[in-house]
Amino acid sequence: MGGYILRRIAVALPLLIVISFLAFVLNQLSPMDPAEVVLHAQGVPTITEELIAETRAELGMDRPFLIQYFDWLISSFQLDFGSSYVTGKPVWSLLGPALLNTLKLTLVSSAFIILFSIVMGVVCALREGGWLDLSVRGFSFLLTSLPAYWLAALMVWYFSVKLDLLPTSGMDSISSYILPVAVIVIGYAGIYFRMIRSSMLSNLNEDYVLYGRACGLSETSVIMYVLRNSLQVAVSVFGLAIPVILGSTVVVENIFAWPGLGTLTVNSILGRDFPIIQAYVLVLAAAFVLFNTASDIINAAFNPKLRKEF
Amino acid sequence: MHSLEISRLKIWDSRTGSVIVPDSSFRVEQGKCLAIVGESGSGKSLTCRAIMRLNPASLQQSGHIELNGINLEELSDKEMRQFRGKHLCMIMQNGMRAFDPSRPVGAHLLKTLAVHYPWSRSDAIAKLKAALASVGLKDPDKVLKSYPYQLSGGMLQRTMIALALVLEPDVIIADEPTTALDAITQYEVVEQFIALRSRLGGMMIFVSHDLGIVKRIADDVLVMKDGHIIERGKTSDVLAEAKHPYTRYLVSSKLALSRHFTELMGGEAVVEG
């Protein structure tokens, strides 16, 4: 098991390097000249060629491309992503707190998504074709197809404005979490519940279920067999789902004025604030690799066959 | 008194209404082995599962299934569950898929024994080890600790036979237990089935489409086609002078295959069955 974990991490590291390179290159390909962005942000009235060249030298952009990249990469490991072009503040001082806020929102939402999808997936699979299964599937299909911005607006109107029960925006108390979390959970639980359900169903048709029953095991024991095998799929699915949610809270954060990554990134993209965008891509990619690696390791702990295959 | 009697068994799909097995009656006596022969889809497996009441909920069944004077249809779900394993033991076709893939094989065996017998864990392990050794598995300790993917199909088949030896059921239902195996392993597993019969002395239902194996193991044969029992009788009689054209066809195609094999091997090699 220890060997597997080391091998898995050894594969993850080069992947991160490749992603960091792509993040860096993509920003270099942008038609906007960073020097111009900085000068605009500083409110310089007339931008001359010399001024641009001077600023480029100041930003270190006159150096060879690879040197710029390695410089950036090494500082990144120390969480030093440079300074924002627009505000001049260190990137991490903006990104760090925003990341923390988004993580809070993501983890609370994910916990509910995992809870709902597993409970509903298992219950529906065991009652396949029954009225409960049909109605939960139909209802979740309906909820999943609602656009998040529309649902969010509707919920704000009803719960915050009409009933005056919950705050419309911000992140002041536990009750601030309720609406954003609800919107995210409604959007995703329906998708992941289906995966759990179909994984349960395919396992229920396996021979080992029939043999378990033929041996006289109680239905609870047989369901435990099925759960253990189905949840391995769930671990992989959620290992990817959590970073997906982390990266897609933009809409919800904007509507609820949540001071998180989504809000920060949208503003940075609009302002062409490259250091923040680069850092954001890197952090999100790292989250993907991290969660994916973690879910593989958890699965290998469940199923020793996977340890050998890698 | 000691017999398994199935009368007027009917199996149908409640969703489509199509009848899969219209009306089957047969009987297995104490100490006898009945083979059910037929092509895929003839209703052999469904008949076996109907006896154990293990068909999916969409398949309905009616009729009378009586084991040693007890009507299985009248048992509650809980009573039926206690019957399974202890009185009616099933041996599956594909050993590789018959065990929970994410637990060691021993976990399932011990759990099964714990359901049916009040033995201590160490007693149960000792009995299992003895049974595993008796079916020719050289390292019982290792088998118990292995995950299914670490063992071969033949080893897992023997493991199921060993479990049956410990459970000492009245009836063993083997659903094509040799189909997924290669020829040599098949031969050895059939040997184990013959030994299992002689050691337990109970009843056995052996589903197969391999007439060669049927000839070696079964006293009586049922031939099924499209859900109907089209021929029945003593194994030697049915194989020697089949009445129904379909049985004759099965026997002759088997013979043709054996003859072809003998010719290919270039001579007088005796091909059993």
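Just so you know, these numbers come straight off a predicted model, no measurement behind them. (Residues numbered from 1 in each chain as written. Chains lettered and ligands numbered in written order. Predicted model: local features only at pLDDT ≥ 70, side-chain atom pairs only at ≥ 80, totals over all residues. Heavy atoms only, no water.)

Re the overall build of chain A
Thought 1: Each helix and strand in chain A was counted, giving 14 helices and zero strands.
Thought 2: When the helices and strands of chain A are read in sequence order from the N terminus, they spell out α-α-α-α-α-α-α-α-α-α-α-α-α-α.
Thought 3: For chain A, the C-alpha atoms occupy an extent of roughly 85 × 55 × 30 Å along the three principal directions.
Thought 4: For chain A, the proportion of its 310 residues judged to be buried stands at 44%.
Thought 5: Across chain A, the fraction of contacts at a sequence separation of at least 24, relative to all contacts at a separation of at least 6, is 75%.
Thought 6: Accessible surface for chain A amounts to roughly 15,400 Å². Of this, 70% is attributable to carbon and sulfur atoms. (Helix = DSSP H or I, 4+ residues; strand = E, 2+ residues; numbered from the N terminus. Buried < 20%, exposed > 50% of the residue type's maximum accessible area, 1.4 Å probe, protein only. Contact = heavy atoms within 4.5 Å. Areas by Shrake-Rupley, 256 points an atom, 1.4 Å probe, with all protein chains shown as cover.)

A look at the overall build of chain B
Thought 1: Summing up its helical and strand segments, chain B has eleven helices and ten strands in all.
Thought 2: Rg of the C-alpha trace for chain B: 19 Å, near the compact-globule value of 19 Å for 273 residues, within the 12% margin.
Thought 3: Contacts in chain B between residues far apart in sequence, at least 24 positions, make up 68% of those at least 6 positions apart.
Thought 4: In the form shown here, chain B has an accessible surface area of approximately 12,600 Å², with 52% of it arising from carbon and sulfur atoms.
Thought 5: One finds the centroid of the 33 positive side-chain charges in chain B at a distance of 5 Å from the centroid of its 31 negative side-chain charges. (Rg over C-alpha atoms; globule rule 2.2 N^0.38 Å. Lys, Arg positive; Asp, Glu negative; His and termini not counted. Charge placed at Lys NZ, Arg CZ, Asp CG, Glu CD.)

Observations regarding the packing of aromatic side chains
Thought 1: Counted under the stated rule, the structure contains 21 aromatic pairs over all chains.
Thought 2: Taking the centre distance of 5.2 Å and the plane angle of 55° together, the rings of Tyr-69 of chain A and Phe-70 of chain A count as tilted.
Thought 3: Here the aromatic rings of Phe-81 of chain A and Trp-92 of chain A are separated by 6.0 Å at their centres, their planes lie at 35°, and the arrangement is tilted. Note that Phe-81 of chain A is positioned in the loop between α4 (65–77) and α5 (91–126) and Trp-92 of chain A in helix α5, a separation of eleven residues in sequence.
Thought 4: Judged by its relative accessible area of 6%, Phe-81 of chain A is buried.
Thought 5: Site record: aromatic cluster; members linked through ring pairs are Phe-21, Phe-24, Phe-65, Tyr-69, Phe-70 and Trp-72 of chain A.
Thought 6: Directly above the ring of Trp-119 of chain B sits Lys-127 of chain B, whose terminal nitrogen or CZ lies 4.4 Å from the centroid. (Phe/Tyr/Trp six-rings, centres within 6.5 Å; stacked < 30°, edge-to-face > 60°. Lys NZ or Arg CZ within 6 Å of the ring centre and 35° of its normal.)

With respect to the sheet that holds strand β1 (residues 3–13) of chain B
Residue and element names in this part refer to chain B.
Thought 1: Overall, antiparallel pairing links the four strands, which are arranged β2-β1-β4-β5 in an open sheet. Looking at strand neighbours, the two that pair on one side only are β2 (19–29) and β5 (70–71), the edges of this open sheet.
Thought 2: As paired strands, β1 and β2 are joined by seven bridges and run antiparallel to one another. Bridge pairing links Leu-4 to Val-28 in β2. (Pairing = 2+ DSSP bridges.)

Brief notes about helix α11 (residues 245–265) of chain B
All names here are of chain B.
Thought 1: The first and last C-alpha atoms of α11 sit 30 Å apart over 21 residues, in line with the 30 Å expected at 1.5 Å per residue.
Thought 2: Buried within α11 are the following residues: Tyr-246, Thr-247, Leu-250, Val-251, Ser-258 and Thr-262. Seen from one end, α11 has its buried residues packed into an arc of 160°, which puts them on one side. Opposite the buried face of α11, by more than 90 degrees, sit the exposed residues Pro-245, Tyr-249, Glu-263 and Leu-264.
Thought 3: On its buried face, α11 sits against β3 (33–37), α9 (211–217), β9 (220–225), β10 (228–234) and α10 (235–240). (Expected span 1.5 Å × (residues − 1). Arc of directions from axis to C-beta.)

Here's the deal with the side chain of Asn-299 of chain A
Residue and element names in this part refer to chain A.
Thought 1: Mapped onto the fold, Asn-299 is located in helix α13 (residues 274–302).
Thought 2: Looking at Asn-299, the relative accessible area reads 6%, which means it is buried.
Thought 3: Setting aside residues no more than four positions away along its own chain, Asn-299 makes contact with Gln-232, Val-235, Ser-236 and Leu-306.

Looking at the domain arrangement of chain A
Thought 1: When cut into domains, chain A gives domain 1 (2–77) and domain 2 (92–271).
Thought 2: For domain 1 of chain A and domain 2 of chain A, the distance between their C-alpha centroids amounts to 35 Å. (Domains from an automatic or database assignment.)

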